Amino acid sequence: MKTTNILHNCAIFSRLLIISLSYFLLNRFINFDLVMEQKFFISYLILYFLIISLYIIFSRKKIFLILLILVELMFITVFLLEIGFYIYYMYRTPGEAGFGYIVIVPAIVMLSLFIIWIRKDLEMKRES
């Protein structure tokens, strides 16, 4: 039972690690704009870290699971806004539209990760 809790906690913290590493590695080459700009995204990551920490410290209380789901919804909104921003400007500047795909593809990958994670969290909420 205790090993399962440790593995679950590591899996939850690995989410933060995966998103942080992928964002900072990609941002080095792509330079995200708008709502995924580095100064904003760091504050999103800090908020995500705090909610994950509270969720683990308080033994997976339901309120912190709901907060975790809300923060994941915030990340999904951020990624959708960023993707929408690039799609909009791809149609406005058709000569350089191919460069938008360079940003859209990694954002879609990170978006899909959050959709998977939110689905798992909703299943945990349903079980508890």
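Draft legend 1. Representation of the overall build of the chain within the structure. Counting secondary structure elements, the chain contains 4 helices and 0 strands. Listed N to C, the secondary structure of the chain is α-α-α-α in terms of helices and strands. Within the chain, the proportion of its 128 residues that are buried is 38%. The long-range fraction of contacts in the chain, counting pairs at least 24 apart against all pairs at least 6 apart in sequence, stands at 74%. Of the side chains in the chain, 12 bear a positive and 8 a negative charge, and the two mean positions are spaced by 11 Å.

Draft legend 2. Layout of the side chain of Glu72. Within the secondary structure, Glu72 is located in helix H3 (residues 62-92). In terms of polar contacts, Glu72 uses its side chain to reach the side chain of Tyr48, at 3.3 Å.

Draft legend 3. Highlighting unusual backbone geometry. Positive phi is not limited to glycine here, since Asn31 has a value of about 60°. As for its placement among the helices and strands, Asn31 is situated in the loop between helix H1 (2-30) and helix H2 (38-57). Although it is not a glycine, Leu34 sits at a positive phi angle of roughly 55°. When you line up the elements, Leu34 lands in the loop between H1 and H2. Overall, Leu34 belongs to the partly exposed group, its relative accessible area being 39%.

Draft legend 4. Spotlight on the packing of aromatic side chains. Following the criterion strictly, the structure yields 18 aromatic pairs and no others. Taking the centre distance of 5.1 Å and the plane angle of 80° together, the rings of Tyr23 and Phe24 count as edge-to-face. With centroids separated by 4.9 Å and ring planes inclined at 65°, the aromatic side chains of Phe85 and Tyr89 adopt a geometry described as edge-to-face. Remark: Tyr89 and Phe85 occur in helix H3; sequence separation between them is 4 residues, near one turn of the helix. Taking relative accessible area as the criterion, Phe85 reaches 23% and is therefore assigned partly exposed. By relative accessible area, which is 38% here, Tyr89 ends up partly exposed. Feature note: the residues Tyr23, Phe24, Phe32, Phe41, Tyr44, Tyr48, Phe75, Phe79, Phe114 and Trp117 constitute an aromatic cluster, connected by ring pairs.

Calculation rules
- Within every chain, residues take consecutive numbers counted from 1 along the sequence as written.
- Where totals are concerned, whole chains, interfaces and linings use all residues; where local detail is concerned, this predicted model gives features only for residues with pLDDT of at least 70, and gives and counts side-chain atom pairs only at 80 or more.
- The side-chain values count all of the structure's non-hydrogen atoms but skip hydrogen atoms and water molecules.
- A run of DSSP states H or I qualifies as a helix once it reaches four residues; a run of E qualifies as a strand once it reaches two. Both are numbered from the N-terminal end.
- A simple rule labels every residue: compare its accessible area, found with a 1.4 Å probe on the protein chains alone, to the largest value its type can have, and call it buried under 20%, exposed over 50%, or partly exposed in between.
- By definition in these notes, contact holds between two residues if any of their heavy atoms fall within 4.5 Å.
- The sign given to each residue is positive for Lys and Arg and negative for Asp and Glu; His and the chain ends receive no count.
- All charge positions are set by atom: Lys at NZ, Arg at CZ, Asp at CG, Glu at CD.
- Contacts described as polar in this section are N or O atom pairs within 3.5 Å, which, within protein, must combine one atom able to donate a hydrogen with one able to accept it, while residues neighboring in sequence count only if both atoms come from side chains.
- Think of it this way: a Phe, Tyr or Trp ring, Trp meaning its six-membered ring, pairs with another when their centres are within 6.5 Å, and the plane angle makes it stacked under 30 degrees, edge-to-face over 60, tilted otherwise.

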